[in-house]
Amino acid sequence: MTSSRPLTGVRVLDFGQYLAGPLTGMMLADMGAEVIRIDPPGGPKWRDPAFDMLSRGKRTLRVDLKTHEGRETVIELAKRADAVIENFRPGVMGRLGVGADALRSANPNLIYLSMPGFASTDPELSGIAAWEAIVAARTGQFTDMGLNRRLMGIKASFSPLGLASAYAATFGAMSVLFALHSRDRTGGDHVEVPLASALFEGLVYNHERIEGYPDRYKSPRELELDRRAAAGEPCDLVFKELSEFLDPFYRTYTCKDGRGFYVVSGSIAAHPARVLKTLGLDELLADLPSFDPYLDTADWPDEWTLSNYPVGARDRARIAQAMKAAFLTKTAPEWDELFGAAKAPATAQRTTEEWLHDPHALSSGLILSVKDPIRGTMRQMGNVAWVAGDEAATEKVVPLPLFEKDLAALRSEAPRDQAQGAERGGWLDGFQVLDLTNVIAGPTIGSTLARFGAQVTHVQPARPSVDPWNAVVFGLQANRGKESILLDLKSRDGKEALNRLIRKADIVTLNATDEQRDALDFSTEALKAQNPAAILVQLDAFGGPMRGPKSDHLGYDDLAQAATGVMVRFGGGMEMPEEHAHAGTIDVLAGLTACVALGGALIQKDRTGEAAIARSSLAAAGGMIQAQFMYDFEGRSPFDEPSGRNALGWSAFYRCYEASDGWFFLAAPTDRQHYLTSVPELADLASSPEPTLARELAARFATRPVQYWIDALNTGATAAVSLASMLETRDEALQVESDGPPDITRETYRAVRHDTHPMGRWCDLAAPNAIRPRSAVITIPGHAQKYGAQTTSILKRIGFEPEEVDEMLSSGAASESWSRRFLPS
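Given the structure is predicted, the values throughout are model-derived calculations rather than measurements.

S.K.: What should I look at first to understand the overall build of the protein chain in this one?
M.R.: For the protein chain, the count of helices and strands is 33 helices and 30 strands. Taking 825 residues into account, the globule formula puts the C-alpha radius of gyration at 28 Å, and the protein chain, at 26 Å, falls close to it. Burial status across the protein chain gives 63% buried among its 825 residues. Across the protein chain, every contact between residues at least 6 apart in sequence was considered, and the portion connecting residues at least 24 apart equals 76%. When the accessible surface of the protein chain is totalled, it reaches about 29,200 Å², and 51% of it is carbon and sulfur. A distance of 2 Å separates the average location of the 86 positive side-chain charges in the protein chain from that of its 107 negative side-chain charges.

Written out as structure tokens, the structure reads:
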């Protein structure tokens, strides 16, 4: 292994159990941090191959925190550590004498990360035993996770994906790294990242709401939901009937070999045209309408345009039929190669198991082979965030015990420097970020950095290459807190403006493959020539720490879901794959993991003075949300986790149940008999066999309302919560922007209504409250700007004279707008 890695010299104490905490520690260990996993005397609570994977690269130490000796051991380690991770219920670590106050008293420069299920300050939710599914159920994940489910009238649909832990781990890891980078200035800190807050933020595009949202942006499924609601008709479609409501460029097609092939081509640049050309449908393409999608529909010369999602009703069926017939002429592997070469975004559907053995996944380092002393060769998910040039990124070792001699050596070290910065501010105050990204995943990077005080300038083309659904509707969230400039980078003046912005930037963000990056003159060498101090944050679809055959293939959120097994898992089989959530499941996570990579690059630059490229990808994030299943070895148990629209849970003790007035989720994975015997109405079922218990419990639970069972079951490690919807959660947490800054530090959930938005419509969005430092400042970003709103002021700021600006605007080298309205109607 190389002697110096991005996080060389960083020491982390990881008290995490189950998923969120260990996943945070793994991300840091994967970039070279020394992570010491602290276990109770009996060993880890979760004994599973997934936990072993999450423990890779860590040292392990068993400590009895109920003893004076155990507490003193932890305090001595904390004096010589940089960060602590724990994901217990609020107050647990404090009662053991090793909470944030105690450890930060011993080491004021410590970054202490707490990851409870719900906010510790939430008077309603903080005391609940926050199992992963309890967090998901209370937030709305089991109710609003797909338009198909809503059209079929399915009220409760369990998913085993650990989205809350994945989002929280990523917010947590970036918090640790940004706080460490800023520590000399702002000092140590106690940061809380509630899993439920992270989940609510991560799924923001599933509860975003726009006043009078125009029908032109609604998919056929959304329009059908509206129609049924207006007509008072029930949502009772069967799965086969859903196909007629799928857009031709957002659906799975069957290939010659019977495998599904998923196309996602939502009117970005020339992608729909590339799809049709790759399929040999040039004649059909020539017959389709194409005009400026930024016109209001009242000015459209036809009922739809190929450069705007979705396809119009007149042509939807014939395009879909032509594409169905074309796909049947070749096998999925043949189409994979053809679409990749054509830069047309599409991919074959795969299972999780297939992704673990996929040639590209293995060669790129997205999946790794790790030698396990018990299981032999073990396939594992690779890094989800990495820094280019870190040659050891793909070298993983199994967890090793921390022996007495190692512990003695640690105790002999001098404690960390106690000098503490005391400046009040954000972790990234003063940073200049140049954002060259579009749609969701890439722009999420810049909007996230803005909450820490960074100044973000968003550059887009003078004439749009992305339709208003992708650019404006999604941009309402992804572009908050940024200023906007429009430039023609093919023009001399536009290129010069970009170069001036690069020279002033500390961070440049780009969503592009290596091939696209180099074509845009953003290779490592080219960027260093312009600004050797700037860190490039690069995000793409299928990139990994190494090159693979699909590294330059294009893709979006849904394609990463299809390629890595998420869609097959969610749908319940290869014959019925479905996208998990309507929008942004992986997109947001990938943007956040890129921020983690940036944190590693900042720490490395602090130590070496050298700027590097921080990397992540959609496919890496696709592996991360399946972390508890993303491994394989000879003799592994079957990949038979709960899946499909009819799944309700793992077992009778971890399951959705219907009460007399609605649904709730019960989690009692460690207190099974206790909760049965402690509730009078259930006591006689204590001896019922597991195969019949779920049915018997369902009958009992149906006799009383949800609140009765919540009151009866929420004791100890057992928890029950009603199944909320994302929309209900949003509305309960809503604050109006014009009433003043929202309080983002108390309740678990918080949403903001931007009621004076310049688009002339209010919009409801998640507030940035997943990360809650005790000392550092979190900036609540203002509304997204209209594209080009600051073009003139930015050009003048970077040294262009007024007459030069006027010339650039008149020549098209720069622009102040894409459309008459902020959101074309």
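S.K.: It is not clear to me how the sheet that holds strand S10 (residues 346-348) should be interpreted in this structure. Could you clarify?
M.R.: Strand pairing in a sheet takes place through backbone hydrogen bonds and is either antiparallel or parallel in direction. Taking strand neighbours across the sheet as the criterion, the 3 strands line up as S8-S9-S10 in an open arrangement whose pairing is antiparallel. Only two strands of the sheet have a single partner each, and these edge strands are strand S8 (250-254) and S10. Pairwise comparison of adjacent strand axes, ignoring direction, gives a mean angle of 20° for this sheet. In terms of strand pairing, S8 meets strand S9 (residues 260-264) through 5 bridges, oriented antiparallel. Across the sheet, the residue bridging to threonine 252 is tyrosine 262, located in S9. Running at roughly 40° to S8, helix H13 (residues 313-327) makes contact with S8 and S9 of the sheet. Contacts from helix H14 (residues 332-341) reach S9 and S10 within the one sheet, and its direction differs from that of S10 by about 155°.

S.K.: I'm lost on helix H11 (residues 271-278) in this one. Help?
M.R.: A turn of α-helix holds 3.6 residues, and therefore any two residues three or four places apart point the same way. In terms of residue burial, H11 counts as a mostly covered element, since 6 of its 8 residues are buried. Every buried residue belonging to H11 is among His271, Pro272, Ala273, Val275, Leu276 and Thr278, and all of these are buried. Following H11 by one or two positions, glycine 280 has its phi on the positive side, about 75°.

S.K.: Looking at this model, I keep getting lost on the pattern of salt bridges. Mind explaining?
M.R.: When charged atoms on two side chains of opposite charge get close, those side chains can pair. Here the structure, examined in full by the defined rule, presents 63 salt bridges. Taking the shortest distance from any N to any O, the salt bridge between arginine 375 and aspartate 52 comes out at 2.9 Å. Placement of the pair is arginine 375 in the loop between strand S11 (367-372) and strand S12 (376-381) and aspartate 52 in helix H2 (residues 49-54), with a sequence separation of 323 residues. Judged by its relative accessible area of 26%, aspartate 52 falls in the partly exposed class. Here the salt bridges share partners, and the residues they tie into one network are Asp514, Arg517, Asp518, Asp540, Arg547, Asp552 and Arg615.

S.K.: Help me understand the nonpolar core, please; the structure alone is not making it clear to me.
M.R.: The nonpolar side chains of a soluble globular protein tend to be buried, and buried together. Core analysis: the biggest nonpolar cluster contains 172 residues, and Leu28, Phe178, Leu449 and Phe665 have the highest contact counts within it. Of all the elements, helix H8 (residues 163-186) adds the most residues to this core, at 14 residues. Residues within four places of leucine 449 in sequence aside, it is in contact with Phe178, Leu428, Val433, Ala454, Ile507, Cys595 and Leu598. Judged by nonpolar contacts, the second largest core, of 27 residues, contains Tyr253, Val275, Leu276 and Phe327.

S.K.: How should I be thinking about the packing of helix H3 (residues 68-79) against helix H17 (residues 404-412) in this particular structure?
M.R.: Angle between the axes and distance between the axes are the two parameters that describe a pair of packed helices. Between H3 and H17, the shortest axis-to-axis distance is 9 Å and the interhelical angle comes to 55°. The orientation of H3 with respect to H17, classified from their angle, is oblique. Two packed elements cross with a definite hand, and for H3 against H17 that hand is left-handed. Contacts between H3 and H17 involve Glu72, Thr73, Glu76 and Leu77 from the first element and Leu407, Leu410 and Arg411 from the second. Tallied by class, residues from the contact of H3 with H17 come to 3 nonpolar, 1 polar and 3 charged.

S.K.: Please clarify how the pairing of strand S16 (residues 455-461) should be interpreted in this entry.
M.R.: S16 sits mainly inside the fold: 5 of its 7 residues count as buried. Bridge count between strand S15 (residues 432-435) and S16: 4 bridges; the pairing is parallel. Residue pairing in the sheet places glutamine 432 in a bridge with glutamine 455 of S16. Following the backbone out of S15, through helix H18 (residues 441-450) and into the adjacent parallel S16, one traces a crossover that is right-handed.

S.K.: Mind showing me how you'd approach the pairing of strand S23 (residues 654-659) here?
M.R.: Of all 6 residues making up S23, 5 are buried, and the element is well covered by its neighbours. Bridge count between S23 and strand S24 (residues 662-667): 6 bridges; the pairing is antiparallel. Note on S24: the bridge partner recorded for arginine 655 is leucine 666. The antiparallel pairing of S23 with S24 creates a hairpin that spans 2 residues between the two strands.

S.K.: I would appreciate a short explanation of the sheet that holds strand S2 (residues 34-39) in the present structure.
M.R.: Taken together, the 8 strands give an open sheet; going across it, the order is S14-S3-S2-S1-S4-S5-S6-S29, and neighbouring strands pair in mixed fashion. The open sheet has two free edges, formed respectively by strand S14 (400-401) and strand S29 (772-773), since each of these has just one partner strand. Alignment of strand S5 (residues 111-114) against strand S6 (residues 189-192), held across 4 bridges, turns out to be parallel. Residue pairing across strands places isoleucine 111 opposite aspartate 189, the latter belonging to S6.

S.K.: Is there a simple way to explain a negative patch on the surface in this structure?
M.R.: Residues Glu801, Glu803, Glu804, Asp806, Glu807 and Glu816 make up a contiguous surface patch of negative charge. Summarising the element assignment, glutamate 807 is placed in helix H33 (residues 802-811).

S.K.: How do you make sense of the side chain of aspartate 372 when you look at a structure like this?
M.R.: Its place among the elements puts aspartate 372 in strand S11. Here aspartate 372 falls in the buried class, since its relative accessible area comes to 11%. Residue contacts for aspartate 372: discarding those within four places in its chain leaves Met378 and Val398.

S.K.: Hey, could you run me through the packing of aromatic side chains in this one?
M.R.: Applying the stated criterion across every chain yields a total of 31 aromatic pairs. These aromatic residues form a ring-pair network of at least three members: Tyr205, Tyr250, Tyr309, Trp469 and Phe474. Positioned over the ring face of phenylalanine 570 is arginine 149, at 3.9 Å from the centre of the ring. Note that arginine 500 overlies the ring of phenylalanine 800, its terminal NZ or CZ placed 3.9 Å from the centroid.

S.K.: Explain unusual backbone geometry to me, please; I cannot follow it from the model alone.
M.R.: The bulk of non-glycine residues show a negative phi, and the bulk of peptide bonds are trans. Note that the residue after tyrosine 309, namely proline 310, is joined by a cis bond; omega there is 0°. Relative to the elements of secondary structure, proline 310 occurs in the loop between helix H12 (282-286) and H13. The phi dihedral of valine 439 falls on the positive side, at around 70°, and the residue is not glycine. Tracing the backbone shows valine 439 in the loop between S15 and H18. The buried category is assigned to valine 439, whose relative accessible area is 13%. Phi at aspartate 521 takes a positive value of approximately 65°, unusual for a residue other than glycine. Among the structural elements, aspartate 521 can be located in the loop between helix H22 (514-519) and helix H23 (524-530). On the basis of relative accessible area, aspartate 521 is assigned to the partly exposed category, the value being 46%.

S.K.: Explanation requested: the packing of H8 against helix H9 (residues 195-202) in the structure shown.
M.R.: Taken N-terminus to C-terminus, the directions of H8 and H9 make an angle of 95°; their axes are 8 Å apart at the nearest point. Considering their axes alone, H8 and H9 lie roughly perpendicular with respect to each other. Note on element contacts: H9 touches H8 through Leu195, Ala198, Leu199, Glu201 and Gly202, opposite Leu163, Ala164, Ser165, Tyr167, Ala168 and Phe171. Its residues assigned to classes, the contact of H8 with H9 shows 8 nonpolar, 2 polar and 1 charged.

The rules we used
Residues numbered from 1 in each chain as written. Predicted model: local features only at pLDDT ≥ 70, side-chain atom pairs only at ≥ 80, totals over all residues. Heavy atoms only, no water. Helix = DSSP H or I, 4+ residues; strand = E, 2+ residues; numbered from the N terminus. Rg over C-alpha atoms; globule rule 2.2 N^0.38 Å. Buried < 20%, exposed > 50% of the residue type's maximum accessible area, 1.4 Å probe, protein only. Contact = heavy atoms within 4.5 Å. Areas by Shrake-Rupley, 256 points an atom, 1.4 Å probe, with all protein chains shown as cover. Lys, Arg positive; Asp, Glu negative; His and termini not counted. Charge placed at Lys NZ, Arg CZ, Asp CG, Glu CD. Pairing = 2+ DSSP bridges. Axes fitted to C-alpha atoms, helices over the stretch in contact; angles between N-to-C directions. Salt bridge = Lys/Arg side-chain N within 4 Å of Asp/Glu carboxyl O. Core = buried A, V, L, I, M, F, W, Y, C linked by side-chain atoms within 4.5 Å. Parallel < 35°, antiparallel > 145°, perpendicular 65-115°, else oblique. Left-handed = near helix turned anticlockwise from the far one by under 90°. Nonpolar A, V, L, I, M, F, W, Y, C, P; charged D, E, K, R; others polar. Right-handed = clockwise from strand over helix to strand, strands pointing away. Patch = residues over 30% accessible without salt bridge, like charges linked within 9 Å, V, L, I, M, F, W, Y side chains within 5 Å. Phe/Tyr/Trp six-rings, centres within 6.5 Å; stacked < 30°, edge-to-face > 60°. Lys NZ or Arg CZ within 6 Å of the ring centre and 35° of its normal.

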